[in-house]
Amino acid sequence: MNERIKMIRKALNMTQEQLAQRLGIGKAALSMIETGKTGLSSRNRNILIQELNVNPEWLESGKGEMFNAEPDLTAYMRRTDSSLPLQSVPLYSIEGTAGLVPLFTDRVQTKPVNYIHIPNLPKCDGAIYVVGDSMYPLLKSGDIVLYKQLHDINDVFWGDMYLLSIDIDGEEYITVKYIQKSEREGYVKLVSQNPHHADKEVRIERIRAIALVKASIRMNSIR
């Protein structure tokens, strides 16, 4: 593994001093790791994988690509947003939590499937995978959306993008849509990005859970 640390540093065009600083160790300590005189700590290994996007399989065995797929991050910022230097956003499985409503009502007890380490974004409560193509090409199935939960539908920003749980005949329907005002009292209009999906008006009382979409992540293959 030790020789691969130097390969990572070279691939990132970093000096020993720069990588050592990123790992929180001294330059001499990094030199000892690269030359095989000492091993890589689990903390430093996690930094390489989680913050520098190193493929853990390649790090251990040299098999596969050096780096994981390159994420494409899109942030949906507002003037009132204040960014955090770095945060670990829990990534949840909707299937594993049996829906958005159970996730929101018992988020403290729900175990995430992973964590996403994101710098310079507003505070996010969590993240889930997108299913469906109603917001394509802005979002596609398999993308990740990071959200901030809302507790009152009256707090929506008209025209912004939201993650919604809607009651349809007693079953939970989870979708991502723009929310616009409706001319019908007690209704809101859900608008898709995909022109093949028609706008839909739903009663506000049928919205069981709602969250403001703060950012989206799409994985791109490194060429």
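Basis of the calculations
Residues numbered from 1 in each chain as written. Predicted model: local features only at pLDDT ≥ 70, side-chain atom pairs only at ≥ 80, totals over all residues. Heavy atoms only, no water. 1 Å grid on protein atoms, 1.4 Å probe; cavity = no way out; pocket = protein on both sides within 12 Å on 5 of 7 lines; lining within 4 Å. Points joined across faces, edges and corners; volume = space filled by probe spheres on them. Helix = DSSP H or I, 4+ residues; strand = E, 2+ residues; numbered from the N terminus. Buried < 20%, exposed > 50% of the residue type's maximum accessible area, 1.4 Å probe, protein only. Polar contact = N/O pair within 3.5 Å; in protein donor to acceptor, adjacent residues only side chain to side chain. Contact = heavy atoms within 4.5 Å. Salt bridge = Lys/Arg side-chain N within 4 Å of Asp/Glu carboxyl O.

Novice: With reference to specific residues and values, describe the layout of surface pockets.
Specialist: Quantified by volume, the second largest pocket comes out at close to 480 Å³. Val-131, Tyr-173, Ile-174, Thr-175 and Val-176 are, among the 28 residues lining the second largest pocket, the residues nearest its centre. Taken together, the elements giving at least two residues each to the lining of the second largest pocket come down to helix H6 (94-97), strand S6 (126-129), strand S8 (161-168), strand S9 (171-181) and strand S11 (200-203). When residues in the lining of the second largest pocket are grouped by element, the largest group, 5 residues, is from S9.

Novice: Provide a residue-level description of the side chain of Asn-55, including the pertinent values.
Specialist: Mapped onto the secondary structure, Asn-55 falls in the loop between helix H4 (42-50) and helix H5 (56-61). Overall, Asn-55 belongs to the buried group, its relative accessible area being 13%. Within the structure, the side chain of Asn-55 is placed 3.0 Å from the backbone nitrogen of Glu-57, a separation counted as a polar contact. The residues contacting Asn-55, other than those within four sequence positions of it, are Lys-63, Glu-65, Met-66, Phe-67 and Asn-68.

Novice: I'd like a rundown of the pattern of salt bridges, residues and numbers included.
Specialist: Working definition: two side chains of opposite charge can pair if their charged atoms are close together. Within the structure shown, the criterion is met by 7 salt bridges. Note that Glu-34 is salt-bridged to Arg-9, the shortest N-O span being 2.7 Å. In this pair, Glu-34 is assigned in helix H3 (residues 27-34) and Arg-9 in helix H1 (residues 2-11), connecting sequence segments 25 residues apart. With respect to burial, Glu-34 and Arg-9 carry one shared label: buried.

Keep in mind these values describe shape, not function.
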